[in-house]
Structure formats: C-alpha cells, structure tokens
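Below are the chains, spelled out letter by letter.
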Amino acid sequence: MREALVILPSSSITLPPNSSPTPPPHRHHHRTTAKPTHFTSSIISHQSPLLSTLRWDSVSGNCNSLRYYAEMASKLAQDGRFNDSLMIAESVVVSGVNAVEFADLLNVKLVSSGIVRLLEEGKVGSVVELLNGAMQLGIDPLKLLDRGAINSLSQECRRTMECGEIEEIVSFMETLKGCGMPIKDFVRPSEIIRLCVSQRKPNAAVRYAHIFPHADIMFCTIILEFGKKGDLVSALTVFEASKQNQDTPNLYIYRTIIDVCGLCGDYLKSRSIYEGLIASKFTPNIYVFNSLMNVNSCDLSYTLDIYKQMQKLGVPADLTSYNILLKSCCLATRVDLAKEIYGELKLLELAGAMKLDVFTYSTLIKVFADAKMWQMAIEIKKDMLSAGVTLNIVTWSSLISACANAGLVDQAIQLFEEMLQAGCEPNSQCYNILLHACVEACQYDRAFRLFRLWKEHALQKDNCEDFGSKTDNTIDLSSTLMVSTSIPNCTSASPHGHFSMRVPFRPTTSTYNILMKACGSDYYRAKALMEEMKEVGLSPNHISWSILIDICGGSGNVEGALQILRAMRDAGIQPDVVTYTTIIKVCVENKDFKSAFSLFVAMKRYQIKPNMVTYNTLLRARSQYGSLLEVQQCLAIYQDMRKAGYKPNDYYLKQLIEQWCEGVIQNGNQRKCNFRTRNRTDLGPESMILEKVAEHLQKDSANSISINLRGLSKVEARIVVLAVLRMIREKYTAGDSIKDDVQIFLGVQEVGIRAVRHESVVKEAIIKLLQHDLGLEVISTAPRIGNDRNQDGINHLDKYSKVEENAERVILRANVHFPTRRPVVLQKLRITKESLQSWLIRRLDAPAVH
C-alpha cells in the first residue's frame, strides 16, 4: 500500500514518502539593503526539521529525489523564501551533487516569478542575497532568471537611478556585475556617471569605474565630466584614486586631468601634476606635453620652457605643438616670435617633415589681424592657397577682421565676397565683423543698409520655407554696399553682373549692439533697436544696456541714464563693472559728482569689483577741489585703488591736492604757482604724500590735532600742514570750536649727536610758512628727554595735555630705535589755540583760493 503524501498548509511543497509533516520554516524579514549572505556547511547543524530526516547518500544516488528537492527549492523561491531555498540547495551540494546538475533541474520560471514579486515589493536586498548565495554555491545566477526577471532587474536599476540614489545604484551594480549580469544592458554607464557628477560623488564614481575591465577609460571619462562642470576638486579625487595599484603612470589619464585643469582655469595645478609625473622618473609623451602647453598658453615663457624640456627629453614636436606655440604668441601679441616659428615650419614643410594645416595658417592670420598688420595676413592667405590648404570659416573671419581692425572697410567687404565665391558659407560672426568695420569707420548708413537687407532676406527665407516656396533668395551685396567687386570668373554672380549671396542666419544680440553704437546720440533710435531685438526673440545683455546708458547720458540726461539702470535690474540683469563704469562716466561728464560717488558705493555694496577705468574716472572727475568732503572722497578712492592691486598714476591727483592745500594761503595765485613750480619735482612717483594727507584728514574732529612730519621733505611737510589747517578752517566754519593747541612733531634725535640737517631744513620751512605766510604764533618747545625721569622720580609729562602725551608716546614707540639708556630729544612745534582762533576769525570772511 502506497503511503499518502502529506500536504503542508503553508505552501505548495509536498514531502516524499516516509517523511513526517513539519511546520514551515520561519519567514525572515527581508532587508532592502544589498548585503550578501554567506552560506557555509555550518547551516546543516541548524537545519529546519524539514531537512532533518533527509538521507544525503540516497539523494546523491537518486535522480528522482534530486529532481524532487530541486522542485522544492524552486517553489520556496517562488514564495519568496530565498533563504530556505538556498539552504536546500546547499544541503544537496554538500552531499556531493554537482551544483550545475542541480541548477539544471531548478524551475527557472518559478524562481524568476519569486524574484519579480519581491522586486515589485521593494525587497531588493532579498534578491541580492539569493543571487550572492547561488554564486557562492557554484550556481550561475543567470540560470535562475528568465527574460521577465532580467527586465525587472533592469527596471529596478533605472528606478533607483531616477530617484537619485547614487550609492544604492552603485552597490546594486557591483553585486550584479559580481553575479555576471550584463549591467551595460540595464543602465547606460554614461547615465550613472552623469548622476555621480551632478551629485558631486567622486568616490561613488570610482567604485563604479572599478566594475569594468577597462577602468582606465572610465576614469578618463569621469575626470572629464567633472571638469566640464568646473568641479576640479572631484576630478582630482578621481585622478588620485586612478593612480592606486598602478605600477606605471597612465599617460592618458594624466593628459585628461591636465586638460581638465585648463577647463577649470587652474593652470598652476596642471604644472604641479606635470612636475609630479617628472618626479616619478617617467617621460611624458607628446600628447601630455601638448596638453600642458595648451593649458598654459596664456604664459608664453612657461610654454617655451616646456617646449625646450620636451626637446631635451627627446620627445619630437608635432604640428600640434607648433600650433600651440603660435596660439601662445597670439595671446602674448608676440608677432616677431610668431614669424620666427612660421619660418621654421616652412623649412620643415620643404624638407617633407611636416605639412601645415588650416589651424596653423588661421592662427598666424589672427596674430597679424590683432596687430593690425593686414598686409601680412593677406600674404599668409596667399601662402595658404599655394600650399593647397582650403580656408575655413575661422580663416576667413580672421582675414576680414584684419582689414576691419585697420579701418579698411572696402577690403573687408572684398574678402567677404571672396569667401562667398570660394563656397564658404558665412556665419553671424562674419556679418558682425563687417558691421563693426563700418561702425568703426563711421560709415553708419552703410552699416544700416547692410543690416536691413540681411534682416529682410533672412525673414523672407523663413517665410519661403514655411510655404514651401523654392524662390532663389539672394542678396546683391555689391550694389547694396556700393562697392564693385573685382573678382573674376565669379560663378555665383547674378545675371546683372553683381555678386550675390544667400542669407542663412538671423541677426544676433551682438549685431544689434554694434548697430546701437552706430546711433551716436540718437537715444530713441537705439531704444527702438533694443525693442526690435526683443521682438525677434533676442535678449539684451549687459553690453546692450551699457550702450543705451552711454547714449542717454551723452545728451546730458543723467536722470534718464539712472532710470535705464533701474530698468536693467527690473529686467533681471544685474549690472556689471562695465555698466557701472559707464554710468559713473556719464555722471562725471555732467558734473553730477554726488551720483557718481553714490554709484561707486553701490557697486561695492553689490560686491562688484571696480576696474582701472572705474577708479581713474572718479579720480579725474574734478579739475579742482572745493571742500574737505571732496578731498576725502577722492583720497578714499585712491587708497581703495591701491589696496585692489592697481598702480595709479597719481601725478594729477597730487597736483590737485597740493592746489587745494595751498588754498589756505590768501596771498594770490602768482605766489602759490611759483612755489608749486619751484618744488614740483620733490613730489616724485615714490612720494607717499597722498597717504600722509589721507591719514591726517581722516580724523573726526578739528580739536586735539597732532601732525607727524617725520621723514617728509619740506614740500611734503608743507602740504600736510596746509591740509590739516584747511580741514580745521572748514570744520571751524561748520561750527567746531578750537580747544587745544596743534602739535607738530618733526622727529627725534639722540642727545649728544648733532641735529640732522634735513630736520632743520623742514623745521625752518614750516616755521616760515606758519609765521610769515599765515601769521600764526609758533612755539618751538623745549627739548624733552624721552623715557627718563628726574632724580626725584616725578614724571614731568604732567605739564603737557593728556592728548599731547599720548601722541608723543606713539611716535617714540613707532619711530625711535636706540639703546634703552640713551635719552632722546623730541623735536616739535606748537601752534597755540589763541593764535589759531585769531587766524580763523581773520580768515572767516575771506574765501578760499582754489
């Protein structure tokens, strides 16, 4: 009698004969994290009762039993009980059954359905455990998956990636790759790299690169993508990781990181990377050298040094190397060196060692174009044609620009026609160069005629395309520009003998900006052009608004210029340094100095750094100074300019300050001019007189004033004293009273050493100025022994005011360097407050001489 099978209520699994029913194994809580589970033979000692009665020797020799347990494992997997399924598989394999034989008996459809169900439930971790466990048992994970399961894995990968879970997707990919899965079919590598770059996760990108056998190529791609985003820090992190476990440097990766340094604008970092490569006693190849020279092409001397190092190391230069050298010469405006390199290239070409390309010729033409050497540019064009090299759009643009820069509008147009004859289709830059040439040559009507025809035919072409018309849309350029072409055998000429052209492009923002400059002082015409720019779908930029401000301000309408600035902000465009400098210039030219200085304060508040033109515009705003506030403003700008790293030409400012200071004296212009002419050479370029004047004029009150003249010449000392006296007079006029004497410190001298003649000259000049020119009472104070006390231990500083005492101590600490026990004499003058009060009353009604 056959024994009946016992059906387990918790699943569809049936037990073989002579087996007792047992409760189903406990269903584990599946984690969603991808942590692999390691299965070992120790599991046997913790088997569930379901497996405790199995006879492994009978399993290994009974095909029916093996098929039965394979079916049992498949059904457990279908129910999502992956741990139980793996336990059966391990038990069977441990008993001596071949893992491949057992895997062939598994029901792939059932296992895959369980995998799909758990993936839909979000239990990715359980699927990962199943795949890892199967691989450790020697079972190919691919044999557990049908097409539906693979599609589910692919969808899960894409879902994780679209959610931005970069760490999870990389971990998942690592597991799938370890299981032999075709991960490239799941998600394209470029998409994961893009996600790593957008989230600035270089370490995750490094882990992902290690999945692939061609990791070096992946590293280069990742480094370059970080560089395109301007993230040099992350690119360097990937670069350092790529150097791990490498016996020799990968020059392809070195070249990529050097190029990225150029993309990110850190050419100094490219140099340190190159030095590190040289320190490793490894010779770079020509590609690394070329990338390094290209990144550092802005520094001609360094580029030449690298070229020489390349020759010393025996690395032969190629045409790219020479092209980069020419590019560096172009940036450095070294026409002479470019000619020399070109001569060397011609010799190499004659020897058959090198063939010059279009980039070489185009770079040379640009060198001469920037230098306004249009004849040389034309000669290079002839050499180019003789060598059989076809000119491209860059070459033609450079040639046209060479003539345009030299103000040769007709020659520029003739070159434009030659370009059309050669079959090279122009772009918007070519048209803009022609318009710019007309504007620079003040041929405004000519520029507008060309613009109108260009615009009309461009729009007409669009309409013809919309309606399917095949009308031949051409412009008779020669008749339009009133220039007869001299091009023989022109195959594209019109039936009337004039050269014709097609217009493939619309005007650009730069086009309208050039035409706005051609409006001169016609604000309404420029405004109409800006409105037209908006109508055709273009957005005015900083240059557009700056030009409009300049035109409006040029007619004296400062308020209108300020309104344009506000409208610019309302349009969502923040003014830049060019815009602010333009409107400051408008205010200065219209004598609205208050608005000019307010705009300067505003641009600093918006953290916009002034440039050299901004500072000079403000410093040269006035031809003379009338008030203390005006002087203080300009001196503050002067000091800010020096702090910003600019070297101002302060000759003009010094003369204005000197003139303002001399205004204290009311003895006539002739006397003052004679003094300035006689002593002007004393205010040389190294004079710090402006800093000294600024230091004294920054004091808040006219009371308790001390003047330090140590180290100044007599002319500089005179200007400083006059500047302080004028400040006192203006503050007195505004209501400040005089409460203390004015102390003038001339310097210090050690006792027993004869007085320095320089200090005596300054002292005599200042006494003469104060007593003779201004009528002030000056007291030369008795010598004081610095840092000493009398034998009775009393400090006699008490007879001076507290302010005077502090000033003397500051000067002694800052300026005196002598042995501790040697006494010093403090040389000083004193203007009494009574004398100063009397002088101010006498001058109160007398206007200052400017």
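The rules behind the values
- Residues numbered from 1 in each chain as written.
- Predicted model: local features only at pLDDT ≥ 70, side-chain atom pairs only at ≥ 80, totals over all residues.
- Heavy atoms only, no water.
- Salt bridge = Lys/Arg side-chain N within 4 Å of Asp/Glu carboxyl O.
- Buried < 20%, exposed > 50% of the residue type's maximum accessible area, 1.4 Å probe, protein only.
- Helix = DSSP H or I, 4+ residues; strand = E, 2+ residues; numbered from the N terminus.
- Phe/Tyr/Trp six-rings, centres within 6.5 Å; stacked < 30°, edge-to-face > 60°.
- Lys NZ or Arg CZ within 6 Å of the ring centre and 35° of its normal.
- Contact = heavy atoms within 4.5 Å.
- pLDDT = per-residue confidence, 0-100.
- Axes fitted to C-alpha atoms, helices over the stretch in contact; angles between N-to-C directions.
- Parallel < 35°, antiparallel > 145°, perpendicular 65-115°, else oblique.
- Left-handed = near helix turned anticlockwise from the far one by under 90°.
- Nonpolar A, V, L, I, M, F, W, Y, C, P; charged D, E, K, R; others polar.
- Expected span 1.5 Å × (residues − 1).

If you look the protein chain up in an unreviewed UniProt entry, it shows as PROP1-like PPR domain-containing protein from Anisodus acutangulus.

**Section: the pattern of salt bridges**
Enumeration over the complete set of coordinates arrives at 23 salt bridges. Measuring nitrogen to oxygen at the nearest pair gives 3.0 Å for the salt bridge that ties Asp336 to Arg334. Overall, Arg334 belongs to the partly exposed group, its relative accessible area being 34%. Salt-bridge contacts for Lys346 lead to Glu349; the nearest nitrogen and oxygen are separated by 3.6 Å. Note that Lys346 and Glu349 are positioned in helix α20 (residues 335-350) at a spacing of three residues, about one turn of the helix.

**A few points about the packing of aromatic side chains**
Counted by the stated rule, this structure contains 10 aromatic pairs. The interplanar angle of 90° and the centroid separation of 5.1 Å between the aromatic rings of Phe239 and Tyr254 together place this pair among those described as edge-to-face. Taken together, the positions of Phe239 in helix α14 (residues 232-242) and Tyr254 in helix α15 (residues 251-263) put the pair 15 residues apart, joining distant regions of the chain. Of the two residues examined, Phe239 and Tyr254, each falls in the buried class. Ring centres of Tyr523 and Tyr524 lie 5.5 Å apart, and the angle between their planes is 70°; on these two criteria the pair is classed as edge-to-face. Relative accessible area serves as the criterion here: at 22%, Tyr523 is assigned to the partly exposed category. A network of ring pairs unites the aromatic residues Phe600, Tyr615 and Tyr646 as a single cluster. The lysine or arginine in question, Arg271, covers the ring of Tyr302, its NZ or CZ lying 3.8 Å from the ring centre.

**What about the side chain of Asn323?**
In this structure, Asn323 sits in helix α19 (residues 319-331). With near-sequence residues (within four places) excluded, Asn323 lies in contact with Asp357, Phe359 and Thr360.

**Quick notes on unusual backbone geometry**
Generally, phi is negative for residues other than glycine and the peptide bonds are trans, each holding for most cases. One non-glycine residue, Arg200, adopts positive backbone phi at about 55°. Along the chain, the position of Arg200 falls in the loop between α11 (189-198) and α12 (202-209). With phi around 60°, Lys591 is a residue other than glycine that occupies positive phi space. Judged by relative accessible area, which is 58%, Lys591 ranks as exposed.

**Describing the confidence of the model for the protein chain**
Averaged over every residue, the pLDDT of the protein chain is 76; residues scoring 70 or more account for 75%. Element-level mean pLDDT values for the protein chain span from 40 in helix α1 (residues 49-52) up to 95 in helix α17 (residues 286-295). Note on residues 667-681: pLDDT is under 50 here. Beyond four places in sequence and across chains, it has 19 contacts.

**Considering the packing of helix α32 (residues 577-589) against helix α34 (residues 612-619)**
At their nearest, the axes of α32 and α34 sit 9 Å apart, and the two run at 15° to each other. Compared by their axis directions, α32 and α34 come out roughly parallel. For the pair α32 and α34, the sense of crossing is left-handed. On α34, the residues touching Val577, Thr581, Ile584, Lys585 and Val588 of α32 are Val613, Thr614, Thr617 and Leu618. For the contact of α32 with α34, the residue count by class is five nonpolar, three polar and one charged.

**With respect to the environment of Ile380**
One can find Ile380 in helix α22 (residues 374-386). By relative accessible area, Ile380 is classed as buried at 3%. Along the backbone, Ile380 and Phe368 are 12 residues apart, and their C-alpha atoms lie at a distance of 9.3 Å. Beyond its immediate sequence surroundings of up to four residues, Ile380 is in contact with Tyr342, Tyr361, Leu364, Ile365 and Phe368.

**A closer look at helix α13 (residues 215-228)**
End to end, α13 covers 20 Å across 14 residues, agreeing with the expected 20 Å (1.5 Å per residue, within 8%). By the burial criterion, the buried members of α13 are Ala215, Met218, Phe219, Cys220, Ile222, Ile223, Phe226 and Gly227. Taken together, the buried residues of α13 touch α11, α12, α14 and α15. Downstream of α13 by one or two residues, Gly230 has phi in the positive range, about 75°.

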